[in-house]
Amino acid sequence: MSQISDFQRGRIRSVLEASPLMPVITIEHLAEAVPLCQALFDGGIGVMEITLRTEHGLKAIERVREAIPEAWVGAGTVTCVSQYREAVAAGAQFIVTPGVTDELLKFALTAEVPLLPGISTASELMLGYGLGYREFKFFPAEVAGGTSALKAFGGPFPDVTFCPTGGIRRNTAKDYLSLRNVQTVGGSWLTPADAIANKDWAAIVDIARDSLSEIS
Ligand code: 3PG
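Residues numbered from 1 in each chain as written. Predicted model: local features only at pLDDT ≥ 70, side-chain atom pairs only at ≥ 80, totals over all residues. Heavy atoms only, no water.

Visitor: Explain the nonpolar core to me, using residue names and the numbers behind them.
Guide: Side chains that are nonpolar tend, in soluble globular proteins, to be buried together. One finds L21, I50, Y84, I95, Y133 and F162 to be the most contacted residues of the largest nonpolar core, which totals 67 residues. Excluding its chain neighbours within four sequence positions, the residues that come into contact with F162 are I119, L125, F136, F138, L150, F153, N181, V182, Q183 and T184. Counting ten residues, the second-largest nonpolar core is a separate cluster that includes I12, L16, W72 and V96. (Core = buried A, V, L, I, M, F, W, Y, C linked by side-chain atoms within 4.5 Å. Buried < 20%, exposed > 50% of the residue type's maximum accessible area, 1.4 Å probe, protein only. Contact = heavy atoms within 4.5 Å.)

Next up, the structure:
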């Protein structure tokens, strides 16, 4: 059976190691994409997941890649292979899925950019584990058992690293990051809708900075 390559694993590890926090970004107006991501970057966050939840996701990835070449920009909420291909074509440097399908896990083995597959159960994890995946998103983290579930996964899967997202906030990020098997935590708390609506980019810089200092 084909397995994930060392190169693919190395790439996804580099993404996770580049930042303890990964904003999960949904772009409602395309013009917001670059200033929002620039503010996160200026606040110290160099990895961002731009979701395909709105029609602007792909174009936003393209623009942010061009505007902030030093940042790692990934595509989130990818649910099928055709979206995976589109996200790669738009310039995404990594792909995040909320869950796993056999088709996505296998497609990613030979894709140009690596996959961070989302799982919430041991069975889902094992679908990826068998193909050599050792880095997973844990989603939706809070309702799927939070830090207790991650500690429990550490028993049978001591070599797996997680990026939990879903329900995590600034004041709980540290609890997750204190776990041995958590490298990065993600969430939308870093990009509050009111600050974006008001184009208050300075507030986003502050949220990024404060969130980073809270976990250090
Ligand atoms: C995700 O896709 O990771 C989540 O939507 C992020 O969850 P949050 O909005 O509760 O942070």
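Visitor: A description of the pairing of strand β1 (residues 21-25) should follow, citing residues and the corresponding values.
Guide: Looking along a regular strand, one sees the side chains alternate between the two faces of the sheet. By the criterion of burial, β1 is predominantly enclosed, with five of the five residues buried. Here β1 shows a buried face lined by L21, P23 and I25 and a second buried face lined by M22 and V24. In terms of strand pairing, β1 meets strand β9 (residues 185-187) through three bridges, oriented parallel. Each residue of the ladder has a partner; that of L21, found in β9, is V185. In terms of strand pairing, β1 meets strand β2 (residues 47-51) through two bridges, oriented parallel. The partner of I25 across the bridge, within β2, is I50. As for the winding sense of the linkage, the β-α-β connection from β1 through helix α2 (residues 33-42) to β2 is right-handed. (Helix = DSSP H or I, 4+ residues; strand = E, 2+ residues; numbered from the N terminus. Pairing = 2+ DSSP bridges. Right-handed = clockwise from strand over helix to strand, strands pointing away.)

Visitor: Give a detailed account of the environment of W201, specifying residues and quantitative values.
Guide: As for its position among the elements, W201 is in helix α10 (residues 201-215). Separated by 87 residues in sequence, W201 and P114 place their C-alpha atoms 30 Å apart. Those residues within four positions of W201 in sequence are excluded, and the remaining contacts are E32, P35, L36, A39 and I196.

Visitor: Please set out the side chain of T54 residue by residue, giving values where relevant.
Guide: Looking at where T54 falls in the secondary structure, it is placed in the loop between β2 and α3 (57-67). What T54 contacts, discounting residues up to four positions off in sequence, is T26, I27 and E28.

Visitor: Tell me what's going on with the packing of α2 against α10, and back it up with residues and numbers.
Guide: The contact between α2 and α10 brings their axes to 7 Å, and the two run at 35 degrees. Relative to α10, the crossing made by α2 is right-handed. For the pair formed by α2 and α10, the contact residues are P35, L36, A39, L40 and D42 on the first element and W201, I204, V205, A208 and R209 on the second. The residue inventory of the contact of α2 with α10, partitioned by class, reads eight nonpolar, no polar and two charged. (Axes fitted to C-alpha atoms, helices over the stretch in contact; angles between N-to-C directions. Left-handed = near helix turned anticlockwise from the far one by under 90°. Nonpolar A, V, L, I, M, F, W, Y, C, P; charged D, E, K, R; others polar.)

Visitor: So what's going on with the sheet that holds β1? Residues and values would help.
Guide: What the six strands build is an open sheet, ordered β5-β4-β3-β2-β1-β9; its pairing is parallel. Each edge of the open sheet is held by one strand with a lone partner, namely β5 (115-116) and β9.

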